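So you can see what is in the structure, the chains are spelled out below.
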Amino acid sequence: MAAASVLLATVPAVPASTDTPSGSTPSGSSSIAVGPQYDTTHVYIEPGKMPAFAASWKATFGGSSTAVSVTDVTPTPSQTKSQLVFSPVGTLSVFDFQTPIPFPFGAERTGWLLTNMSTGIKQAQASGAHVIVSPFPDPVGRDAVIQFPGGVNTQVYWHTKAPAYKALTTIPENRLYLPADAANSFLGSYLKFSSGKVVSDNSKADAGEIGLTGKTFRKISLTSPFGKTVIMVTDGHLPYPFGREVTGYEVSSLSSTLTKAKAAGATVLWGPHSAAGRDSAIVKFPGGYVAEIHDVQQTSHAGQQ
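Each residue is numbered by its place in its chain's sequence as written, counting from 1. Thresholds applied to this predicted model are a pLDDT of at least 70 for local features of residues and 80 or more for the giving and counting of side-chain atom pairs; totals over whole chains, interfaces and linings are not thresholded and use all residues. The side-chain values count all of the structure's non-hydrogen atoms but skip hydrogen atoms and water molecules.

**What about the sheet that holds strand 10 (residues 173-179)?**
Turning to step 1, where the next piece is worked out: The criterion for strand pairing is that DSSP finds at least two bridges linking the strands in question. For helices the rule is a DSSP run of H or I covering at least 4 residues; for strands it is a run of E covering at least 2, with both sets numbered from the N terminus onward. The strand order across the open sheet built from eight strands is 11-12-13-10-14-17-16-15, with neighbouring strands paired in mixed fashion. Because the sheet does not close on itself, it has two edges, and the strands there are strand 11 (197-206) and strand 15 (267-275). Across this sheet, the average inter-strand angle for adjacent strands is 25 degrees, counted without regard to direction.
Turning to step 2, where the next piece is worked out: Where strand 10 lies against strand 13 (residues 227-234), seven bridges are found, and the strand directions are parallel. From the neighbouring strand, N174 faces strand 13, where its bridge partner is T229.
Turning to step 3, where the next piece is worked out: The contact definition used throughout considers only heavy atoms, calling two residues in contact when any of these lie within 4.5 Å. The angle between two axes is taken between their N-to-C directions and runs from 0 to 180 degrees, where each axis is a line fitted to C-alpha atoms and a helix contributes only its stretch in contact. In this fold helix 4 (residues 254-263) packs onto strand 15, strand 16 (278-284) and strand 17 (290-295), with an angle of close to 10 degrees to the strand it touches most, strand 16.

This is the structure we're talking about:
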């Protein structure tokens, strides 16, 4: 499909308050999301590892993938191998850049499909987010990159021809680690843009689930038409690999999923560990992608770290 021939004009910023009390839902925003199956984690793969990654992911979770294409997905000249990987637990946009990656690409965590790019840009700026890459044409529509308070980058996109993806079996979690002095401003902006709400806000959550046994941290769970988000508010004193995972995936059985992952060439970096009513582990797939995987069953994995 031919790329759009013109750039969308940048919309002037609209000042907005970014503080939203925990537990509230911002008013005055409307959903511009299409659905969580259209919201992808961006995976920047180690050079040459795309086939191994896709095979390992599909062997672990099931699913399918598109053919690999070579294209320019940035507003300045670059070239990458690109592939969509579909699975029941989430959709991935996988990139193996053949040229140096133009700034600030590579720092965005996710791509969110919007119903309307112009409306999305206005809503981002009205929420207190910054447009750090103005809208630009790509081979199938338009893209931009926005940044929420706290330095959280998200790519937003719109397709010339609307895609049709299967609904997900489970909705993945966008996992964010934020400092305490950025949490409230982030919440205000993020909730307003996403039309989201706070599901829970626990100031004394068990920090064993982020590798800090015997400590507590503030854990905030959100939901929106874009999907789920979990925020870990910490002092940044995190053991490896925490903070490297950008998405958490829910499965019916963690133990069987880990068995499949290891057989498919993945490495378990941490866990399994039981906390907050679920078992979780952090896994590194071929090509370097690090993911959190969890189930919601009470089992006897506690202490196996």
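Having seen the model, we can carry on.
**Points about the side chain of T234**
Turning to step 1, where the next piece is worked out: Within the element layout of this structure, T234 appears in strand 13.
Turning to step 2, where the next piece is worked out: Within the structure, the side chain of T234 is placed 3.0 Å from the backbone nitrogen of G236, a separation counted as a polar contact.
Turning to step 3, where the next piece is worked out: When near neighbours in sequence (up to four residues on either side) are disregarded, T234 contacts Y177, L178, P179, A180, I210 and F217. In the analysis that follows, any N or O atom pair within 3.5 Å is treated as a polar contact, provided that within protein one partner can donate a hydrogen and the other can accept it, and provided that, for residues neighboring in sequence, both atoms belong to side chains.

**Regarding the packing of aromatic side chains**
Turning to step 1, where the next piece is worked out: Centre distance within 6.5 Å is the pairing criterion for rings of Phe, Tyr and Trp, where only the six-membered ring of Trp is used; planes under 30 degrees apart are then read as stacked, over 60 as edge-to-face, and the remainder as tilted. The final tally for this structure, using the stated rule, is 25 aromatic pairs.
Turning to step 2, where the next piece is worked out: On the basis of an interplanar angle of 10 degrees and a centroid distance of 5.9 Å, the ring pair of Y44 and F97 is categorised as stacked. Of this pair, Y44 sits in strand 1 (residues 40-44) while F97 is found in strand 5 (residues 90-97), placing the two residues 53 residues apart along the sequence.
Turning to step 3, where the next piece is worked out: Clustering of aromatic rings is evident, with ring pairs tying together F53, W57, F61, Y249, F285 and Y289.

**Brief notes about the confidence of the model for the protein chain**
Turning to step 1, where the next piece is worked out: Known as pLDDT, the predictor's confidence for each residue is given on a scale from 0 to 100. On average, residues of the protein chain carry a pLDDT of 89, and 87% of them reach 70 or more.
Turning to step 2, where the next piece is worked out: The low-confidence segment residues 1-29 (pLDDT under 50) makes 61 contacts with residues lying over four places distant or belonging to another chain.
Turning to step 3, where the next piece is worked out: Note that residues 299-305 has pLDDT below 50 and, in this model, 15 contacts with residues that lie over four places away or in other chains.

**Considering the pattern of salt bridges**
Turning to step 1, where the next piece is worked out: Every case where a carboxyl oxygen of Asp or Glu lies within 4 Å of a side-chain nitrogen of Lys or Arg is listed as a salt bridge. Tallied over the full model, the rule gives nine salt bridges.
Turning to step 2, where the next piece is worked out: Between R278 and E173 there is a salt bridge, with the nearest N and O atoms lying 2.9 Å from each other. Here R278 is found in strand 16, whereas its partner E173 is found in strand 10, with 105 residues between them in sequence. Neither residue differs from the other here; R278 and E173 are each classed as buried. Partly exposed describes any residue whose relative accessible area lies between the buried limit of under 20% and the exposed limit of over 50%, with all areas from a 1.4 Å probe on protein chains only and scaled to the type maximum.

**Description of the nonpolar core**
Turning to step 1, where the next piece is worked out: The biggest cluster of nonpolar side chains holds 27 residues, and the ones touching the most others in it are F148, V156, F186, F193, L222 and I231.
Turning to step 2, where the next piece is worked out: For this core, the secondary-structure elements that each account for two or more residues are helix 2 (117-126), strand 8 (141-148), strand 9 (152-159), strand 10, helix 3 (180-194), strand 12 (216-224) and strand 13.
Turning to step 3, where the next piece is worked out: Ranked by residues supplied to this core, first place goes to helix 3 with six residues.
Turning to step 4, where the next piece is worked out: Excluding residues that lie within four positions of it along the chain, I231 makes contacts with L176, L178, F186, L187, R218, K219, I220 and L222.
Turning to step 5, where the next piece is worked out: Of all hydrophobic cores here, the second largest spans 24 residues; its members include A54, F61, V89 and A291. Residues enter a nonpolar core if they are buried and are Ala, Val, Leu, Ile, Met, Phe, Trp, Tyr or Cys, with the set joined through side-chain atoms within 4.5 Å.

**Considering the environment of D235**
Turning to step 1, where the next piece is worked out: Here D235 lies in the loop between strand 13 and strand 14 (247-250).
Turning to step 2, where the next piece is worked out: Among the residues examined, D235 registers a relative accessible area of 56% and is labelled exposed.
Turning to step 3, where the next piece is worked out: Spatially, the C-alpha atom of D235 lies 8.9 Å from that of F217, the residues being 18 residues apart in sequence.
Turning to step 4, where the next piece is worked out: Looking at D235, its side chain comes within polar contact range of the main-chain nitrogen of H237, at 2.9 Å.

**So, the pairing of strand 7 (residues 130-138)**
Turning to step 1, where the next piece is worked out: In the sheet, strand 7 pairs with strand 8 via six bridges, with the strands oriented antiparallel. When the sheet's bridge partners are listed, V131 is paired in strand 8 with I146.
Turning to step 2, where the next piece is worked out: The turn linking strand 7 back onto strand 8 is made up of two residues.

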